Amino acid sequence: MVGRLILVLGDQLSPDLSALRAADRGRDTILMAEVAAEASYVPHHPKKIAFLFAAMRKFAQYLRAEGWQVRYTRLDDPDNAGSIPGELLRAANATGATDIIATEPGEWRLIEALRDTPLKLTLLEDDRFLCSHAEFRDWAKGRKALRMEYFYREMRRKTGLLMEGDQPAGGQWNFDHDNRKPAPDAVTHSGPLAFEPDDTTEEVLSLVEARFGANFGRLRPFRFATDRAQARQALDHFIAHALPSFGDYQDAMLDGNRFLYHAVISPYLNAGLLSPMEICRAAEDAWRAGHAPLNAAEGFIRQIIGWREYVRGIYFLEGPGYTGRNALGHERDLPAFYWGAPTHMRCVLRAVEQTRDEAYAHHIQRLMVTGNFALLAGIDPAQVHEWYLAVYADAYEWVEAPNTLGMSLFADGGIIASKPYVSSGAYINRMSDYCGRCRYKVSVKTGRGACPFNLLYWHFLTRHRDRFEGNPRMAQMYRTWDRMDEDRRRTVLSDADDVLRRLDRGEVI
Ligand code: FAD
Ligand code: DLZ
Ligand code: SF4
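As the structure is a computational prediction, the values presented were derived from the model and not from experiment.

1. Here we look at the sheet that holds strand β2 (residues 29-33)
Two strands in a sheet stick together by hydrogen bonds in their backbones, pointing the same way (parallel) or opposite ways (antiparallel). With respect to topology, five strands assemble into an open sheet ordered β3-β2-β1-β4-β5, the strand pairing being parallel. A strand with exactly one partner marks an edge of an open sheet, and here the two such strands are β3 (69-73) and β5 (120-124). The mean inter-strand angle of the sheet, taken between neighbouring strand axes irrespective of direction, is 25°. As judged from the five bridges shared by β2 and β3, these two strands associate in the parallel manner. Each bridged residue has a counterpart across the sheet, and for Ile30 the counterpart in β3 is Val70. The sheet contacts of helix α4 (residues 84-95) involve β1 (5-7), β2, β3 and β4 (99-103), and relative to β1 the element is tilted by about 160°. Where helix α5 (residues 108-115) meets the sheet, its contacts fall on β1, β4 and β5, and the angle it forms with β5 comes to roughly 150°.

So, in structure tokens, the structure goes:
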């Protein structure tokens, strides 16, 4: 009997993948393919492409060693069909297979492309996540608001993580009030574990340099883990050295430190080299052993079983149209400084520079610096979405789109965020040391020397007053604005218009 084709995508590098569990090692063939369509549907950061290709090649080696028959197409294979459906058809012709088994991809784009192939496709649920589509739908049904906090409590109960019987450990579900400390004077953690590229990775680096060297982002030095054993070492290093301070400094930013106490494991987790439960168990064990405080372990676990599962639930609940949302009608083009052109805004410059170098920025840089600026300046959400999807090594639409369009840009009209995450320069100044090195003065509220975040903050609030002034969580902001002297308000708005005009003319802001 002719075997089936088992598709394993670049972000499905897990030995317990549902498609592999459904396969027959004796007769089926695994298909893995590096294809131009996946590598260029957005201009991915070269580090992201290199990480995935190296990890894919090493996963194929692992599968072969486990006795699987693997058909692996390299990007530079002269017969490469250029797309996943094309490679499936080519493999079907070569092997005589008519049936395909695949685990559901993490982007509607690819799900639809797979459904359009003339082959007989069985699409299995991606059960590497803790919450299935059906469970999320059930949770969401009949609720007026889909707040992450309540979803998270369900996930705590379901997994038993940090639970004592049916009660949360420490008597509280959430210890955020202990977190969010401003930037520390000194960071004791040396950052994520770095790995020397092996021969497989070096070969990929040469390929990526030749094919994608012109994309935004520096390929070298390349220090990512590229297999499961290395990814596990990276996780253990984080748990041992950074987790204890993770909670305290989760929201802090430092000009001279790119990683602070963050885990930098999202590329590994999202590609399948690590599983969410093993990460959370490691954090819980560290707390139970007295190595990490509860606010750190809880805050960290919440990101994974709470936010990560929740945003995925929203992406699949809302359907393929989600990425086209633009509830605030924002249409300005993405400024060139997102792609590395100069800017005088120190916070933005440093976030973009580190994105260029590392294919990484931590959450508060994404949300409160680059995201905040895009929202305040009224940038077209589709262009911002494409940027985030391209530049981060952990970016796939299921996680990137709800974070960008929902959490950061309010483009979904408030499904994810109960109010827009906007702030003036004061927040950035409190949480970082950027402002002291900036050409602008964070304490100055009007004129050319004023921090653009200060000006655009009020511009945003007045632009969208009709929508937001009734929101109780924003009432204080409007009261502060209304108390301002009228002349001053006029000056703020005309100075903000001046910033936007200069932005549109391509002047350095
Ligand atoms: P840590 O801060 O150490 O957190 C631990 C883990 O928690 C992360 O590895 C991640 O798996 C998970 N996590 C934390 N916050 C979130 C969140 N909001 N949503 C989902 N998972 C979360 N994360 C991605 O994995 N891919 C993306 O493409 C992505 N795009 C984002 C775009 C915007 C505009 C914003 C505001 C956030 C985005 N995030 C994305 C969420 C978050 O910024 C990253 O998960 C985090 O910075 C990864 O770094 P870390 O591993 O050091 O995380
Ligand atoms: C992101 C990516 C890239 C750059 N290249 C490939 C590839 O060549 N082959 C592949 O199977 N997967 C790749 N991926 C990951 C897919 O784009 C990912 O599976 C979908 O975006 C769904 O999450
Ligand atoms: Fe950013 Fe404004 Fe601070 Fe400059 S002054 S670093 S632009 S917040």
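2. Considering the packing of aromatic side chains
Working definition: an aromatic ring pair is given by the centre-to-centre distance plus the angle between the planes. Evaluation of the coordinates by the stated rule reveals 32 aromatic pairs. When the centroid spacing of 5.3 Å and the interplanar angle of 20° are considered together, the rings of Phe337 and Tyr338 count as stacked. Assessed through its relative accessible area of 0%, Tyr338 is described here as buried. Geometrically, the ring pair formed by Trp387 and Tyr388 is edge-to-face, given 4.9 Å between the ring centres and 80° between the ring planes. Like Tyr388, Trp387 is buried. Among the aromatic residues, ring-to-ring pairing joins Phe337, Tyr338, Phe373, Trp387, Tyr388, Tyr392 and Phe453 into one connected group. Lying over the aromatic face of Tyr396, Lys48 brings its terminal NZ or CZ to 5.5 Å of the ring centre. In this structure, Arg109 is placed above the aromatic ring of Tyr41, and the distance from its NZ or CZ to the ring centre is 3.6 Å.

3. Focus: the environment of Arg350
Among the structural elements, Arg350 can be located in helix α14 (residues 346-358). Spatially, the C-alpha atom of Arg350 lies 34 Å from that of Ser14, the residues being 336 residues apart in sequence. Those residues within four positions of Arg350 in sequence are excluded, and the remaining contacts are Asp255 and Tyr434.

4. Considerations on helix α3 (residues 46-65)
With 20 residues, α3 should cover 28 Å at 1.5 Å per step; its first-to-last C-alpha distance of 29 Å lies within 8% of that length. Counted residue by residue, α3 has 16 buried out of 20 residues, so it is predominantly covered. Of the residues flanking the end of α3, it is Gly67, one or two places downstream, whose phi is positive at about 95°.

5. So, the layout of surface pockets
Its volume calculated, the second largest pocket comes out at about 290 Å³. Around the second largest pocket, the lining is made up of 18 residues, and of these Lys47, Arg223, Phe224, Phe259 and Glu358 lie nearest the centre. Split into classes, the residues belonging to the lining of the second largest pocket amount to 12 nonpolar, no polar and six charged. Two domains share the lining of the second largest pocket, each providing at least three of its residues, namely domain 2 (133-191 + 242-313) and domain 3 (336-504).

6. Looking at the site of ligand 1
Around ligand 1, the surrounding shell holds 28 residues, and the nearest of these are His262, Ala263, Val264, Asn270 and Tyr360. Contact between ligand 1 and Arg366: a nitrogen atom at 3.5 Å from a side-chain N or O atom of the residue. Interatomic distance of 3.0 Å between a backbone N/O atom of Asp394 and a nitrogen atom of ligand 1. When the free accessible area of ligand 1 is taken as 810 Å², the share hidden by the protein chains comes to 99%. Secondary-structure elements contributing two or more residues to the shell around ligand 1 are α11 (266-271), α13 (294-318), α15 (363-376) and α17 (397-408). Among the elements that take part in the shell around ligand 1, α17 stands out by supplying six residues, more than any other.

7. Re empty space enclosed by the protein
Tallied over the entire structure, the rule returns six cavities of 30 Å³ or more. In this structure, the largest cavity occupies an estimated 340 Å³ of space. Gly10, Glu38, Tyr41, Leu52 and Tyr396 are the residues nearest the centre of the largest cavity, which is lined by 24 residues in total. Listed by contribution, the elements that provide at least two residues to the lining of the largest cavity are α2 (36-40), α3 and α5. Of the residues in the lining of the largest cavity, the class split is 15 nonpolar, three polar and six charged.

8. Quick word on the site of ligand 2
Near ligand 2, the surroundings consist of 19 residues, among which Asp11, Ala33, Val35, Glu38 and Glu107 are the closest. Between ligand 2 and Glu38 there is a distance of 2.6 Å, counted from an oxygen atom to a side-chain nitrogen or oxygen. Within the complex, 100% of the 490 Å² of free accessible area of ligand 2 lies under protein. Among the cavities detected, the one that contains ligand 2 is the largest cavity. Sorting the residues of the shell around ligand 2 by element identifies α2, α3 and α5 as the ones contributing at least two each. Counting residues per element, the shell around ligand 2 draws most heavily on α3, which supplies three residues. Broken down by class, the residue content of the shell around ligand 2 amounts to 11 nonpolar, three polar and five charged.

9. Side note on the pairing of β5
By the bridge criterion, five bridges tie β4 to β5 in an arrangement that is parallel. Its bridge partner being in β5, Asp99 is matched across the sheet by Lys120. In this view, the connection linking β4 to its parallel neighbour β5 by way of α5 has right-handed handedness.

10. Description of the pattern of salt bridges
Considering all chains together, one arrives at 49 salt bridges under this definition. Of the charged contacts in the structure, one is a salt bridge between Arg302 and Asp176, with a shortest N-O distance of 3.3 Å. With Arg302 in helix α13 and Asp176 in the loop between β7 (167-168) and α8 (199-212), this residue pair connects regions lying 126 residues apart in the sequence. Overlapping salt bridges bring together Asp255, Arg346, Arg350, Glu353, Asp433 and Arg437 as one network.

What counts as what
Residues numbered from 1 in each chain as written. Chains lettered and ligands numbered in written order. Predicted model: local features only at pLDDT ≥ 70, side-chain atom pairs only at ≥ 80, totals over all residues. Heavy atoms only, no water. Pairing = 2+ DSSP bridges. Helix = DSSP H or I, 4+ residues; strand = E, 2+ residues; numbered from the N terminus. Axes fitted to C-alpha atoms, helices over the stretch in contact; angles between N-to-C directions. Contact = heavy atoms within 4.5 Å. Phe/Tyr/Trp six-rings, centres within 6.5 Å; stacked < 30°, edge-to-face > 60°. Buried < 20%, exposed > 50% of the residue type's maximum accessible area, 1.4 Å probe, protein only. Lys NZ or Arg CZ within 6 Å of the ring centre and 35° of its normal. Expected span 1.5 Å × (residues − 1). 1 Å grid on protein atoms, 1.4 Å probe; cavity = no way out; pocket = protein on both sides within 12 Å on 5 of 7 lines; lining within 4 Å. Points joined across faces, edges and corners; volume = space filled by probe spheres on them. Nonpolar A, V, L, I, M, F, W, Y, C, P; charged D, E, K, R; others polar. Domains from an automatic or database assignment. Near = heavy atom within 4 Å. Polar contact = N/O pair within 3.5 Å; in protein donor to acceptor, adjacent residues only side chain to side chain. Areas by Shrake-Rupley, 256 points an atom, 1.4 Å probe, with all protein chains shown as cover. Sits in = over half its atoms within 2 Å of the grid points. Right-handed = clockwise from strand over helix to strand, strands pointing away. Salt bridge = Lys/Arg side-chain N within 4 Å of Asp/Glu carboxyl O.

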